[in-house]
Amino acid sequence: MASIRLENIVKRYGAFTGVQNMSLDIADEEFLVLLGPSGCGKTTTMRMIAGLEMPTEGNIIIGGEVVNDIDARDRDVAMVFQGYALYPNMTVYENIRFPLRMRRVPASDQDRMVRTAADMVELGAFLDRKPGALSGGQRQRAALARAVVRQPQVFLMDEPLSNLDAKLRQSMRVQIKHMQRQLRITTVYVTHDQIEAMTLADRIVIMNKGAIQQVGTPDQIYTDPANTFVAGFIGGPPMNLIEGTATGGRFTAPGVNAPCPANLSGRITLGIRPEDCTVGGGQVQGLVYGVEPTGDVTYLSVLAGTKQVEVKAARDFRSDIDVPITIGFDPARLYFFGADGQRIRGGA
Amino acid sequence: MARMRKSRGESLLLRYLVLGSWALVCLLPILWFGTIALRPRTEIVTPQPIYWPTWSLDAWHLLMSDWPIALYLRNSVLAVGGSVIIDLILAIPAAYALARYDFKGREDIGFYILSTRMMAPAIVAVPIFFLFKSVGLLDSIWALMLIYAAINLSLVTWIIRSYMLDIPKELEDAARTDGAGDLRILWEIIIPACLPGIITAAVIAAIFAINEFLFTLLIASTSGAYTMSVALANFTGGSDGVIYNAIALVSFIAFVPVLILVILIQKHLSRGLTMGAVKG
Ligand SMILES: Nc1ncnc2c1ncn2[C@@H]1O[C@H](COP(=O)(O)OP(=O)(O)OP(=O)(O)O)[C@@H](O)[C@H]1O
Ligand SMILES: [Mg+2]
């Protein structure tokens with residue numbers, strides 16, 4: 001139960017900067033999700049909070065106390081490691097019990113706590129196995145159980161569900177969220193899965209190349225992206241980003257002609273989410289490139305000039321490829337970004 | 001298809017043939033002195049070839065009545081076993097420090113440790129003799145224990161270190177966030193995870209120590225501190241001339257513990273234990 005504050009954190013490995021000038025306030029009891037492409041510094045950030053890595057510059061403050069010089073074992077955080085890090089010589093039971101033993105939890109409570117944690121991750125039947133005799137998903141769940149078996153100040157979870165099947169992932173997700181709300185423990189969670197990020201997070205931090213791109217609630221990140229990186233990263237499929245020219249209140253690109261604010265001019269990027277596009281309408285003239293029915297909705301790709309525009313179409317939409325088609329944009333849902341990729345606010 | 005299968009069978013046969021003949025070449029001396037040990041003395045020295053040997057336990061009876069083999073075996077076991085224990089007690093923490101802690105000159109120290117192994121032992125033989133003489137440790141298995149330990153320490157450290165380097169760092173990180181201190185981590189995580197390496201190192205050290213000759217001869221001035229290796233060299237059969245079958249038997253007895261150790265090491269040479277610790 002603690003707030004976390006990162007002040008101008010820099011982490012360099014030799015000449016390479018893993019995390020650059022990161023400042024972030026994580027509220028007490030908050031569920032914060034770190035989201036970003038592979039290698040953007042998520043694990044590094046977590047490891048610095050855990051005390052396993054020293055920041056090159058900056059301060060880490062947990063519960064109002066600067067913890068830069070406090071050893072990992074005294075920070076009272078529990079971490080799920082991306083690579084699981086199960087102790088190979090111990091059974092699942094002993095693995096889960098290890099943090100309890102180290103923290104001198106009374107022996108009479110240990111057994112009950114281990115079994116509760118194991119049941120939560122549905123590993124109750126595997127307590128006597130060594131990690132080597134578990135499947136990847138079972139190992140991952142054992143690692144999760146080892147972290148949640150006690151109640152630390154902070155949970156750090158580095159892609160704790162990445163190796164599970166869709167069904168188990170969904171149920172674990174609900175469990176984690178429920179547990180976090182119940183125990184009210186500040187949690188930092190890394191994932192590559194946008195659904196996970198959207199459903200779990202109080203706030204999402206989008207990172208790229210070691211730098212924070214945007215911090216906000218899932219809604220803010222989705223409806224109000226700060227730049228083309230965030231816009232192109234969130235959503236499935238993500239926002240269409242079309243480079244073109246603005247003159248006199250019109251945005252034009254090969255095959256695209258849409259309204260834009262009259263004050264914009266020069267090279268800009270237009271953004272429109274697939275779900276804000278409709279079949280028919282005059283903004284895009286192109287050819288059908290592909291149709292992907294998913295049952296729920298049908299994804300349609302339209303080739304406009306050399307650019308593919310993704311459209312979320314009605315579930316019963318079907319078409320041959322190379323058929324001429326027009327696409328309309330919801331004019332209230334257009335985003336514009338400058339040549340530097342930053343959002344141009346003021347709307348359409 | 002059929003042809004492929006046939007050629008694979010042929011190459012397998014060839015492989016067995018080559019490996020089998022090589023094994024035979026290696027094993028022949030052992031088999032040979034094995035048979036000598038079990039035949040009567042007169043038969044061994046006849047110039048005519050013998051196709052069907054007569055078996056006898058003459059050599060065995062002679063040894064049991066005439067030669068303090070139990071003492072030599074005991075000396076060997078105590079000196080070698082003690083030296084290995086000393087090595088492990090010193091090498092495990094040293095290896096851990098060399099593998100994990102980041103300190104100035106770490107690579108250099110690692111190299112210095114190994115370099116003690118590069119020196120020819122004869123160079124230090126005389127100083128060592130006087131050293132042990134002045135502390136009154138001549139003719140004692142304690143001295144042998146110390147010397148064997150010193151000879152093998154660097155090697156044991158390096159073998160264990162290399163196994164420790166293979167243990168994923170995330171394991172220690174996990175233990176640390178779980179609240180374990182350095183000693184706990186070493187004892188509960190690192191040592192169990194590199195147990196195959198520790199056993200391998202211990203067995204190799206034991207084999208070297210069992211076969212150690214030069215320093216043992218130097219320190220053990222009377223047969224009271226003889227180990228098998230020196231006793232064997234001194235054993236010729238005494239007043240009755242060279243008794244080849246007894247020599248062969250002694251060699252065989254000296255060889256058996258080493259054989260057992262090698263079989264042990266084989267089982268543990270597979271580095272399977274860290275499997276399952278991490279994703280890959
Ligand atoms: N010990 C190290 N030495 C040098 N570079 C490192 C080290 N650890 C991490 N890096 C680099 O820092 C960057 C960030 O790594 P990090 O593990 O934080 O990425 P990540 O966001 O967790 O990626 P992923 O999603 O693939 O797990 C990477 O480019 C990585 O190569
Ligand atoms: Mg990572």
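Only a predicted model underlies this, so the values are computations on that prediction, with no experimental measurement involved. (Residues numbered from 1 in each chain as written. Chains lettered and ligands numbered in written order. Predicted model: local features only at pLDDT ≥ 70, side-chain atom pairs only at ≥ 80, totals over all residues. Heavy atoms only, no water.)

**Q** How would you explain the site of ligand 1 if you had to name every residue and give the values?
**A** All names here are of chain A. All residues in the neighbourhood of ligand 1 are listed as Tyr-13, Phe-16, Ser-38, Gly-39, Cys-40, Gly-41, Lys-42, Thr-43, Thr-44, Gln-82, Glu-159 and His-192. Side-chain polar atom of Tyr-13 to a nitrogen atom of ligand 1: 3.3 Å apart, as the coordinates give it. Within the side chain of His-192, a nitrogen or oxygen atom sits 2.9 Å from an oxygen atom of ligand 1. Contact with the protein chains hides 63% of the accessible area of ligand 1, taken as 640 Å² for the molecule alone. In terms of residues, the shell around ligand 1 owes the most to one element, helix H1 (residues 42–50), which gives 3 residues. When the residues that make up the shell around ligand 1 are grouped by side-chain class, the tally is 3 nonpolar, 7 polar and 2 charged. (Near = heavy atom within 4 Å. Polar contact = N/O pair within 3.5 Å; in protein donor to acceptor, adjacent residues only side chain to side chain. Areas by Shrake-Rupley, 256 points an atom, 1.4 Å probe, with all protein chains shown as cover. Helix = DSSP H or I, 4+ residues; strand = E, 2+ residues; numbered from the N terminus. Nonpolar A, V, L, I, M, F, W, Y, C, P; charged D, E, K, R; others polar.)

**Q** Break down the coordination of the magnesium ion (ligand 2) for me, citing the residues and quoting the values.
**A** Residue and element names in this part refer to chain A. Around the magnesium ion (ligand 2), the protein supplies Thr-43 (OG1) and Gln-82 (OE1) as donor atoms, at distances of 1.9 to 2.2 Å. A residue pair is termed long-range when its members are at least 10 positions apart, and Thr-43 in helix H1 and Gln-82 in the loop between strand S6 (77–80) and helix H2 (92–102) qualify at 39 residues. Residue classification places Thr-43 among the partly exposed residues on the basis of a relative accessible area of 25%. Looking at Gln-82, the relative accessible area reads 26%, which means it is partly exposed. (Donors = N, O, S within 2.8 Å, 3.2 Å for Na, K, Ca; no water. Buried < 20%, exposed > 50% of the residue type's maximum accessible area, 1.4 Å probe, protein only.)

**Q** Before we move on, could you go through the domain arrangement of chain A and cite the residues and values that matter?
**A** How large an interface is tends to be reported as the accessible area lost when its parts come together. Residue and element names in this part refer to chain A. When the domains of chain A are assigned, the result is domain 1 (4–229) and domain 2 (239–337). For domain 1 versus domain 2, the separation of C-alpha centres amounts to 38 Å. With 6 residues of domain 1 at the interface, the matching set in domain 2 holds 7 residues. Broken down residue by residue, the surface that domain 1 buries against domain 2 is led by Tyr-222, Pro-225 and Thr-228, which jointly contribute 82%. (Domains from an automatic or database assignment. Contact = heavy atoms within 4.5 Å. Buried area = accessible area lost by both parts, 1.4 Å probe.)

**Q** Explain the pattern of salt bridges to me, using residue names and the numbers behind them.
**A** Charged atoms that come close allow side chains of opposite charge to pair. Tallied over the full model, the rule gives 23 salt bridges over all chains. In this structure, Asp-173 of chain B engages Lys-169 of chain B in a salt bridge whose closest nitrogen and oxygen atoms are separated by 3.2 Å. Within this pair, Asp-173 of chain B and its partner Lys-169 of chain B are both found in helix H8 (residues 169–177), separated by 4 residues, close to a single helical turn. On the accessibility criterion, Asp-173 of chain B (4% relative accessible area) is buried. Taken together, the shared-partner salt bridges connect Arg-47 and Glu-53 of chain A together with Lys-169 and Asp-173 of chain B into one network. (Salt bridge = Lys/Arg side-chain N within 4 Å of Asp/Glu carboxyl O.)

**Q** Report on unusual backbone geometry, specifying residues and quantitative values.
**A** All names here are of chain A. In this structure, Pro-237 follows Gly-236 across a cis peptide bond, with omega equal to -10°. In this fold, Pro-237 is placed in the loop between helix H8 (228–233) and strand S11 (240–247). Phi at Tyr-84 is positive, roughly 75°, even though this residue is not glycine. Positionally, Tyr-84 belongs in the loop between S6 and H2.

**Q** How would you summarise the packing of aromatic side chains if you had to cite specific residues and measurements?
**A** Ring pairs (aromatic) are described by centroid distance and by the angle formed between their planes. Enumeration according to the criterion identifies 9 aromatic pairs over all chains in this entry. By the ring-pair criterion, three or more aromatic residues cluster together here, those being Phe-33, Phe-252 and Phe-255 of chain B. Positioned above the aromatic ring of Tyr-87 of chain A, the side-chain terminus of Arg-146 of chain A is 4.5 Å from the ring centre. A cation over an aromatic ring shows up here: Arg-273 of chain A above the ring of Tyr-222 of chain A, its NZ or CZ 4.1 Å from the ring centre. (Phe/Tyr/Trp six-rings, centres within 6.5 Å; stacked < 30°, edge-to-face > 60°. Lys NZ or Arg CZ within 6 Å of the ring centre and 35° of its normal.)

**Q** Just give me the short version of the nonpolar core, but keep the residues and values in it.
**A** Leu-156 and Val-188 of chain A together with Ile-160 and Met-164 of chain B are the most contacted members of the largest nonpolar core, which has 102 residues in total. Per element, the largest residue contribution to this core is 11 residues, and it comes from helix H4 (residues 69–100) of chain B. Once you skip the residues sitting within four places of it in the chain, Met-164 of chain B turns out to touch Ile-92, Ala-95, Tyr-96, Ala-99, Arg-100, Leu-186, Ile-190 and Cys-194 of chain B. One finds Val-80, Phe-126, Leu-127 and Val-149 of chain A within the second-largest nonpolar core, a separate group that totals 48 residues. (Core = buried A, V, L, I, M, F, W, Y, C linked by side-chain atoms within 4.5 Å.)

**Q** Can you tell me about a nonpolar patch on the surface, naming the residues and giving the values?
**A** A cluster of nonpolar residues, Tyr-101, Phe-103, Ile-109, Phe-111, Tyr-112 and Met-118 of chain B, forms a patch on the protein surface that exposes about 610 Å² of accessible area. Note on placement: Phe-103 of chain B falls in the loop between H4 and helix H5 (106–115). (Patch = residues over 30% accessible without salt bridge, like charges linked within 9 Å, V, L, I, M, F, W, Y side chains within 5 Å.)

**Q** Explain the interface of chain B and chain A residue by residue, including any values.
**A** Each partner contributes residues to the interface: chain B has 24 residues there, and chain A has 28 residues. Summed over both sides, the interface between chain B and chain A buries roughly 2300 Å², with carbon and sulfur atoms accounting for 55% of that surface. Our enumeration of links across chain B and chain A arrives at 3 salt bridges. Between Arg-47 of chain A and Asp-173 of chain B there is a salt bridge whose closest N-O contact spans 2.9 Å. Linking chain B with chain A are 9 residue pairs in polar contact (both at pLDDT 80 or more). Every element with two or more residues in the side of chain B that touches chain A is listed here: H8 and helix H9 (182–193) of chain B.

**Q** Could you give an account of helix H5 (residues 166–183) of chain A, with specific residues and numbers?
**A** Residue and element names in this part refer to chain A. For H5, which comprises 18 residues, the first-to-last C-alpha distance of 26 Å matches the rise-based estimate of 26 Å (1.5 Å per residue) to within 8%. Here H5 has its buried residues at Leu-168, Arg-169, Met-172, Arg-173, Ile-176, Met-179 and Gln-180. One face of H5 carries all of its buried residues, which in axial projection span an arc of 140°. Facing away from the buried side of H5 by more than 90 degrees, the exposed set consists of Lys-167, His-178 and Gln-182. Check the buried side of H5 and you find it contacts strand S3 (31–35), helix H3 (107–120), helix H4 (136–148), strand S7 (154–158), strand S8 (186–191) and helix H6 (194–200). The backbone nitrogen of Lys-167 lies 3.1 Å from a side-chain oxygen of the residue at the head of H5, namely Asp-165. Arg-184 occupies a position one or two residues after H5 and carries a positive phi of about 55°. (Expected span 1.5 Å × (residues − 1). Arc of directions from axis to C-beta.)

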